[in-house]
Amino acid sequence: MLPAEIECRSFEIIKEELAAMGKVLDPAQDLVVRRAIHTTADFDYADQLVFSEGAVEAGKEALRRGAVIITDTNMAWSGINKKKLRALGGEAVCFMADEDVASQAAAAGSTRAVASMDKAARLCSDMAPRPCIFAIGNAPTALIRLYELIRDGKIRPALIIGAPVGFVNVVQSKELILTLPDTPYIVARGRKGGSNVAAALCNALLYQTKQ
């Protein structure tokens with residue numbers, strides 16, 4: 001089987017197994033959830049992915065407008081389909097390895113993840129020419145900093161994908177995002193997630209978006 005055929009069959013199997021479990025997905029969210037399961041072979045994502053109202057359409061609209069996708073790891077950045085993103089006029093960036101981010105983190109006594117979100121905030125002001133999507137798959141401190149920047153009215157992301165993985169501050173950081181009333185989000189509730197999941201959720205939106 002060719003790779004495309006394998007992926008197609010994988011999605012069919014996922015649909016069949018979800019039906020056997022009695023799980024019915026929202027049609028707008030179906031392909032996003034199934035891609036997360038396809039990436040991880042973990043059916044828990046059928047229950048753990050939380051979508052704000054209209055989140056999928058908000059993400060697709062941002063992509064149609066040439067969104068900048070900001071990740072918290074180079075692994076997530078690597079997993080995003082840049083060819084498809086470029087075709088829509090967008091780009092993906094990760095600032096974690098930048099020297100100025102390392103210097104700012106050291107000076108402030110914070111993490112690079114926090115400093116990288118502060119740098120990214122300059123791309124997301126009301127004057128920015130393109131919408132921003134944040135795809136967080138590793139660092140809960142990045143998610144917490146995004147919450148603070150949004151709460152303080154400093155940024156207005158088109159979408160937050162919150163999927164850090166782990167044990168320390170992970171659950172709490174995701175729950176903060178769920179309290180934001182006016183920010184579209186897709187959050188992998190609980191401890192599970194990862195850079196591969198964050199990238200997969202971005203790709204799920206990209207593959208549904210036409211120019």
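In case you missed it, the structure is sitting above this.
Residues numbered from 1 in each chain as written. Predicted model: local features only at pLDDT ≥ 70, side-chain atom pairs only at ≥ 80, totals over all residues. Heavy atoms only, no water.

Here we take up the packing of aromatic side chains. According to the stated counting rule, one finds zero aromatic pairs in the structure shown. Above the face of the W77 ring, K82 is positioned so that its terminal group lies 3.8 Å from the ring centre. (Phe/Tyr/Trp six-rings, centres within 6.5 Å; stacked < 30°, edge-to-face > 60°. Lys NZ or Arg CZ within 6 Å of the ring centre and 35° of its normal.)

What follows is about the side chain of R34. Summarising the element assignment, R34 is placed in helix α2 (residues 30–40). Judged by relative accessible area, which is 10%, R34 ranks as buried. Contact partners of R34, with chain neighbours within four places excluded, come to F11, I14, K15, L18 and L25. (Helix = DSSP H or I, 4+ residues; strand = E, 2+ residues; numbered from the N terminus. Buried < 20%, exposed > 50% of the residue type's maximum accessible area, 1.4 Å probe, protein only. Contact = heavy atoms within 4.5 Å.)

With that settled, the discussion passes to helix α4 (residues 55–64). Inspection of α4 places A55, V56, G59, K60, A62 and L63 among the buried residues, and these make up the whole buried set. Considered in projection along α4, the buried side chains sweep an arc of 160 degrees and stay on one side of the axis. Downstream of α4 by a residue or two, G66 has a phi angle that is positive, lying close to 80 degrees. (Arc of directions from axis to C-beta.)

Next up on the list: the pairing of strand β6 (residues 185–188). Covered by surrounding structure in β6 are Y185 and V187 together with I186 and A188, the residues of both alternating faces. The sheet contact formed by strand β5 (residues 159–162) and β6 spans three bridges and is parallel. Note on β6: the bridge partner recorded for I160 is Y185. Read from β5 through helix α10 (residues 170–178) to β6, the crossover connection turns out right-handed. (Pairing = 2+ DSSP bridges. Right-handed = clockwise from strand over helix to strand, strands pointing away.)

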